[in-house]
Amino acid sequence: MEIERKFIPRRLPEHLEQYPFHEIEQGYLCTDPVVRIRKKDDAYILTYKSSGLLAHEEYEMPLTAESYQHLRRKADGLLIAKRRYLIPLDGQLTAELDIFKNELDGALLVEVEFSSVEEADAFCPPDWFGEDVTYDIRYHNSEMSKGSLLPENG
């Protein structure tokens, strides 16, 4: 079970360069249900996600680089490219700050994963997090791959 909240940062945290990050490229073979392929640094992953905004089932399976490249050509919509910073928060939580590139250049999104819905509901975000968009479908990457946040749509 993946339980996460999403926010649009009102500003970037100070000294962003001090945090570890991943370079991510991902595409969607299907958005209902979500079937995603992802290249995360040098790892390749196929993911299935059930429906749900705050909480949903998620299953990941490894791919080879060759399989990823084959499936990449079959992805619908935009290939999403982003740098994901891992920023520690109080309570052993981690903020995953995504800074998008290419067609979505300039878009920012921060997510926090939780071990329970109760923990997610009780979470008090830091001031830099900004607007909570957990329940706004436009801010789910599967929808963003359809162009939901391109300037003419946003």
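Going by the structure above, here's the rest.
Residues numbered from 1 in each chain as written. Predicted model: local features only at pLDDT ≥ 70, side-chain atom pairs only at ≥ 80, totals over all residues. Heavy atoms only, no water.

### Considerations on unusual backbone geometry
For residues that are not glycine, phi is negative in most cases, and the peptide bond is trans in most cases. Across the junction of D32 and P33, the peptide omega takes the value 5°, indicating a cis bond. Counting through the fold element by element, P33 comes out in the loop between β2 (21–31) and β3 (34–40). A positive phi is found at D41, a non-glycine position, where the angle reads about 60°. Following the sequence through the fold, D41 ends up in the loop between β3 and β4 (43–49). Take D41: its relative accessible area is 29%, and that puts it in the partly exposed class. The phi dihedral of N102 is positive, around 55°, even though this residue is not glycine. Residue placement: N102 occurs in the loop between β8 (94–100) and β9 (108–114). (Helix = DSSP H or I, 4+ residues; strand = E, 2+ residues; numbered from the N terminus. Buried < 20%, exposed > 50% of the residue type's maximum accessible area, 1.4 Å probe, protein only.)

### Remarks on the layout of surface pockets
Its volume calculated, the largest pocket comes out at about 530 Å³. Along its surface, the largest pocket is lined by 33 residues, and E2, E4, R36, K49 and H56 are the ones closest to its centre. For the lining of the largest pocket, the secondary-structure elements that each account for two or more residues are β1 (2–8), β2, β3, β4, β6 (58–62), β7 (76–88), β9 and α3 (141–144). For the lining of the largest pocket, the residue count by class is seven nonpolar, ten polar and 16 charged. (1 Å grid on protein atoms, 1.4 Å probe; cavity = no way out; pocket = protein on both sides within 12 Å on 5 of 7 lines; lining within 4 Å. Points joined across faces, edges and corners; volume = space filled by probe spheres on them. Nonpolar A, V, L, I, M, F, W, Y, C, P; charged D, E, K, R; others polar.)

### Examining the packing of aromatic side chains
Applying the stated rule across the entire model yields eight aromatic pairs. Relative to F129, the ring of F7 lies with its centre 5.0 Å away and its plane at 55°, an arrangement referred to as tilted. In this pair, F7 sits in strand β1 while F129 sits in the loop between α2 (117–122) and β10 (131–132), placing the two residues 122 residues apart along the sequence. Ring geometry for Y48 and Y59: centres 6.2 Å apart, planes at 25°, overall stacked. Highlighted residues: Y48 in strand β4 and Y59 in strand β6, separated in sequence by eleven residues. Site record: aromatic cluster; members linked through ring pairs are F7, F114, F123, W128 and F129. Residue placement shows R83 over the ring face of F21; its charged tip is 3.9 Å from the ring centre. (Phe/Tyr/Trp six-rings, centres within 6.5 Å; stacked < 30°, edge-to-face > 60°. Lys NZ or Arg CZ within 6 Å of the ring centre and 35° of its normal.)

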